[in-house]
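Residue strings, one per chain:
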Amino acid sequence: MLQVALAQVKQHARRFIAVALAVVMAVGFLTATLMVNASTEASLGNSVGAGFRNADLVISAGPEKPLNEQAAQAVADADGVAEVYVQQQSHIAFGTAGEAGYGALQNTAPAGLDNLELIEGTRPGSGEVAVDDATAKRLALTLGSKLELAPGAGRAAGDDVAAGGIPATVSATVKASKDPLMMGQPQFFGTSGLLTALAGEQTPVQVRSIQLDLAAGTDAASAKDAVAAALVQAGFAEPTVNTAAEQTKEVVASFTGGTDQLTIVLLAFALVAVLVSALVVANTFSVLIAQRTRELALLRCIGADRGQIRRSVLVEALLVGVVASVIGVLGAVGLMAGIIAVLQGRPDTEFAALAVPRLAVAVGLVTGVVMTVLAALAPARAATAVAPLAALRPAEDVRVGNRKGKVRLGFGIALVVGGAVVLGLGALSANLLIALPGGAMSFIGLLLCATLFVPPLVTAVGALAKPLGVPGKLAAVNAVRNPGRTSATATALLIGVTLVVMMMTGAQSARTAFESELSAQFPVDISIGNLTEDGGPLNEAAAQTALTYDGVAAAGLVTTGGYATVNGQRTGVYQLEPAQRELLQDQSLTLDADTVLLAEGSGLDTLTVTGSSGSRELQVVEVSSFSFPPLMSSAVAEEIGVPAPAAADSEEYYSSLPQLWLSVDRDLDATALMELRSELAAGLNVQDYPGLRGGD
């Protein structure tokens, strides 16, 4: 029967195209999903783990006691430790007489743990710094350029830095670190001595981690135990010791509230991929075998037994499954390689990395082959379950009134009801891993019942074609002439449409949820506060100037409408006019005659706001941001009387300065946003930081 199977595949190759395409897409989807998971981890390792990618072990501080040189000395003597790097970072001011700003300064690592990517120049020595390429380009810095560095506190006016700064020479330009704690700001790298010299009372040097390079042949697990014991002996009981991969996962989990939400979401996508793959292949193969039922019966009439027929069908499925699975895996690898190549060509995502785990390839191949064979098994058994002469006659349709129909209806209803219950439990507990199986059970139950309800539905819809005359009546009759094929076709469409709608809905829901959370955390895109470099407050002219910049969608000057005491300090309460509501990214925030918005953690239920002619006690509504200024409606401000601007020597002067709020275009990427921020700072004559803050 092997020769028969090969002949069938060769002679009726077109019949297998649909099955092969279904397997290719299913295997490609599954493999690509698993590769997305691995590639995401690898990309996160290049970003989150950029600061310790060359380390064998990473020590991070516990909640009670920060790391210091004593801890570094303790682990340096542990068994298997070859080299130690105390990763230090500080916030600094930089500039010359003409230009100034703020940035991050990090000490360089010893050779074995060095992660700087030099573009040109040499590693910085005493009195030298390396600058990231974006900052060097923006400030026109070249090798040998002179900088003045100062502690990153207070004003960073060029004159101030030049008068009290530490001179440094640019020795190299390096690729900007993708470390999230350094991205989006000028990056400088220098010696530990330079960091110590720039440490200030308000900007102390922060020890972010201690990184270890192990001696060749040292077992990482044994070294972790030795390092942990050394830390405990030195009085550091809380620090965690991880490998670089473990540290990356821990950092990512800390960003998502202690749980690895990314892995959960990708796992859900993988489960959906397996389910959809099985449904698509089984449905397509059942249609193919159903078309050949009489042909298989004829083979039995000329001497083939049931086992031979069944093996012939399974061999055909095996051949199709192997070839299609290999094509699906290769297609997934090629697609992912193309996507990663595009991402690597963009500055914001150049850290993207392609990972092709062996597990993804193996799972894709095995799933494709096994799924195709199993999908062919049921139709093959159905084709050989009846006598050859009976198989040559038209098969009995599955209806509600016959035994097959009742069994299918019972299983279908049980799965729909049971799946709905599980789905509801998952929704109530907000657990995707519970809701997903429930949804899958309900969907499979619906498909089992498709044979029972699809033909009547098609017949009912076909009645709409009767006004077209004879062609319409013929179309309505032909559409349900073979109920089995009608149901199979409708099922394939149902699976495809459901998959597309589910993916689009899921992607849009995730995007909406992310944007809502982002808007709640950062109610305003860009806020510009404090005084200008000339010492004056911002005014309406600044708002009009900001509107002339590309990327600024809306701008408005938000002024004080009253004063109040919050946490023991008198502060200005800003007023928002109805026309300025578009400046708030969180549109769920409402301002009426009885409410005032305060930053999260105020602990107040009411707040009394005083104006020039009266006062009002307003109900406090806390926003999700910790740095949001008190805000009320302009109608309340008019009711209590808008007060005069605070005197320059008053307690509330700096907390009541007019603020310029900006809304930016949604299509701006991080680089464009940073460039816009710098352009605005220069054009409005304000400091880049902290006078102007993005996403606040």
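Residues numbered from 1 in each chain as written. Predicted model: local features only at pLDDT ≥ 70, side-chain atom pairs only at ≥ 80, totals over all residues. Heavy atoms only, no water.

S.K.: Looking at this model, I keep getting lost on the packing of aromatic side chains. Mind explaining?
M.R.: Here a ring pair, both rings aromatic, is described through the centre-centre distance and the interplanar angle of the planes. Tallied over the entire structure, the rule returns 2 aromatic pairs. Where F94 meets F188, the ring centres are 5.0 Å apart and the plane angle is 55 degrees; that geometry is what we call tilted. Taken together, the positions of F94 in strand β2 (residues 81–95) and F188 in strand β8 (residues 187–190) put the pair 94 residues apart, joining distant regions of the chain. Judged on exposure class, the residue F94 and its partner F188 are both buried. Aromatic side chains F628 and W661 sit 5.9 Å apart centroid to centroid with 45 degrees between the ring planes, which places their arrangement in the tilted category. Within this pair, whereas F628 is found in the loop between β16 (615–622) and β17 (631–633), its partner W661 is found in strand β18 (residues 659–664), the two being separated by 33 residues in sequence. (Phe/Tyr/Trp six-rings, centres within 6.5 Å; stacked < 30°, edge-to-face > 60°. Helix = DSSP H or I, 4+ residues; strand = E, 2+ residues; numbered from the N terminus. Buried < 20%, exposed > 50% of the residue type's maximum accessible area, 1.4 Å probe, protein only.)

S.K.: Any chance you could explain the pairing of β16 here in plain terms?
M.R.: The side chains of a regular strand alternate between both faces of the sheet. As paired strands, strand β14 (residues 595–598) and β16 are joined by 4 bridges and run parallel to one another. For L598, the partnering residue across the bridge sits in β16 and is E622. Across 5 bridges, strand β15 (residues 606–610) lies against β16 in antiparallel orientation. Of the residues in β16, the one forming a bridge with T608 is E617. Here β15 folds back onto β16, and the loop between the two strands holds 4 residues. (Pairing = 2+ DSSP bridges.)

S.K.: I keep staring at the environment of V174 and nothing clicks. Help me out?
M.R.: Residue position: V174 is located in strand β7 (residues 166–174). Among all residues touching V174, those that are not within four sequence positions of it are L116, E117, L118, I119, A130, V131, D132, D133 and F189. (Contact = heavy atoms within 4.5 Å.)

S.K.: How should the nonpolar core be read in this particular structure?
M.R.: Inside soluble globular proteins, nonpolar side chains tend to come together where they are buried. Grouped together as the largest cluster of nonpolar side chains are 19 residues, with contacts concentrated most on L57, I59, V75, I210, L212, V227 and L231. The set of elements that each furnish at least two residues to this core consists of β1 (57–60), α3 (69–76), β2, β9 (206–214) and α7 (220–233). Apart from the residues lying within four places of it in its own chain, the contact partners of V75 are I59, V81, V84, I210, L212, V227, A230 and L231. In terms of nonpolar packing, the next biggest core, distinct from the first, is built from 17 residues, A542, L660, L662 and L684 among them. (Core = buried A, V, L, I, M, F, W, Y, C linked by side-chain atoms within 4.5 Å.)

S.K.: Help me understand the packing of α3 against α7 in this model?
M.R.: When two helices pack together, their arrangement is given by the angle between the helix axes and the distance between those axes. For the pair α3 and α7, interaxial distance at closest approach is 8 Å and the crossing angle is 135 degrees. When the axes of α3 and α7 are compared, the pair comes out oblique. In terms of crossing hand, the pair formed by α3 and α7 is right-handed. Of the residues in α7, those in contact with A71, A74 and V75 of α3 are V227, A230 and L231. (Axes fitted to C-alpha atoms, helices over the stretch in contact; angles between N-to-C directions. Parallel < 35°, antiparallel > 145°, perpendicular 65-115°, else oblique. Left-handed = near helix turned anticlockwise from the far one by under 90°.)

S.K.: Sorry if this is basic, but what is going on with the pattern of salt bridges here?
M.R.: Pairing between side chains becomes possible if they bear opposite charge and their charged atoms approach one another. Scanning the model with the defined rule gives 5 salt bridges in all. Ionic pairing is found between R570 and E652, a salt bridge with its closest N-O pair at 3.5 Å. With R570 in strand β13 (residues 569–576) and E652 in the loop between α20 (634–640) and β18, this pair connects stretches of sequence that are 82 residues apart. Looking at E652, the relative accessible area reads 12%, which means it is buried. Notably, a salt bridge pairs R616 with D594, separated by 3.0 Å at the nearest N-O pair. On the criterion of sequence distance, the pair formed by R616 in strand β16 and D594 in the loop between β13 and β14 is long-range, its members being 22 residues apart. Taking relative accessible area as the criterion, R616 reaches 17% and is therefore assigned buried. In the salt-bridge network here, residues are joined through shared partners; they are D594, R616 and E639. (Salt bridge = Lys/Arg side-chain N within 4 Å of Asp/Glu carboxyl O.)

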